[in-house]
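This is what each chain is made of:
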Amino acid sequence: MKKLFDRLLGSQRPSGAEAEAKTTGPDDEGYFATVFMEHPPGPQAAPASPAASSRSRLIGNEACDTPRGLLLLNKVWGHDRYMAALTPEERNRLAQYLEFVIVPAGREVISQDQPGDFALIVLEGMVAVDRVQPWGARARLTEARDGDVLGELSLLDAGMRFSACVTLSRCTFAVVTVQALDNIARHDPRVGMALMASMARRLSLRMRQVSARLSALLSAT
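On a predicted model such as this, the values are computed, not experimentally measured, just so you know.

Cut-off values and rules
Within each chain, residue numbers correspond to sequence positions counted from 1 in written order. Reporting in this predicted model follows two pLDDT cut-offs: at least 70 for local features of residues, and 80 or more for side-chain atom pairs to be given and counted; totals over whole chains, interfaces and linings ignore these cut-offs and use all residues. Side-chain numbers come from the whole structure's heavy atoms, not from hydrogens or water. Going along the chain from the N terminus, every DSSP run of H or I of four or more residues is numbered as a helix, and every run of E of two or more is numbered as a strand. Buried, partly exposed and exposed residues are distinguished by accessible area as a fraction of the type maximum, computed with a 1.4 Å probe on protein chains only: under 20%, between the cut-offs, and over 50%, respectively. Here a residue-residue contact requires only that any non-hydrogen atoms of the pair lie within 4.5 Å. What sets the accessible areas is the Shrake-Rupley method with a 1.4 Å probe; for residues, cover comes only from the shown protein chains. For this quantity, the arc is that covered by the directions from the helix axis to the C-beta atoms. Think of it this way: DSSP has to see at least two bridges between two strands before they count as a pair. In this description, a line fitted to the C-alpha atoms serves as the axis of each element, helices being fitted only across the stretch in contact, and the angle between N-to-C directions of two axes falls anywhere from 0 to 180 degrees.

A. Representation of the overall build of the protein. Along its length, the protein carries eight helices and nine strands. The buried share of the protein, reckoned over its 221 residues, is 47%. Relative to all contacts within the protein whose residues are 6 or more apart in sequence, the contacts with residues 24 or more apart total 81%. Summed over all atoms, the accessible surface of the protein reaches about 11,000 Å², with 54% contributed by carbon and sulfur.

Encoded structure:
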């Protein structure tokens, strides 16, 4: 998890700032879209043009106004202890770093095998998370619901997307971009830490779920 906080704290870490956030017990279901991805070590290259194109298609949908987006974010993540620790004014500042968008059913919001420069917090709706096979068939990995995060690993390491995510219903998303992470790290580290700690907690939970499932499969063989 060190990479998560290195991005946030960087070289401008304020004196006395906390360097770690503890994770708590599970209260969510499903997997992250990129949970099975293994990324080789290496330098973080700038996102290629397909990622920018993918995000442009996403933002090209109906915009959700910031007050409503913040209301939905508080609804799905307000119980999280990191978000709960923020004041109302700090939550308002957090919303200014995010983009809120409404996407109709049947739209691909994350494309497999493309570099990623954003992650999505599902605020409303349901999203299919599929692995597209070389012959074109799609294997359903899971379905993401309110509060789940999609594409967070590619956001952090600029790796290729492992899966394709398609809306199954009208969905509202909070879009977290690489630029937003950089800006929040420089200008509002306490608020950024709450965002990253909440994402890290969910990532840790998904990894534990996958580990438990793999252990069960191996034990059965």
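Anyway, onward from the coordinates.
B. Looking closely at helix α7 (residues 178–187). Every buried residue of α7 is listed here: A180, L181, I184 and A185. Buried positions in α7, seen along its axis, are confined to an arc of 130° and lie on one side of it. Facing away from the buried side of α7 by over 90 degrees, the exposed positions are Q179 and H187.

C. The arrangement of the sheet that holds strand β6 (residues 138–144) in detail. Reading across the sheet, the four strands line up as β3-β8-β5-β6 and stay open at both edges, with antiparallel pairing between neighbours. Edge positions in the sheet fall to β3 (108–110) and β6, since each of these pairs with one other strand and no more. Between one strand axis and the next, the sheet turns through 35° on average, direction left out of account. Here β3 pairs with strand β8 (residues 164–167) via two bridges, running antiparallel. Paired with E108 across the bridge in β8 is V166.

Read these as spatial facts, not as claims about activity.
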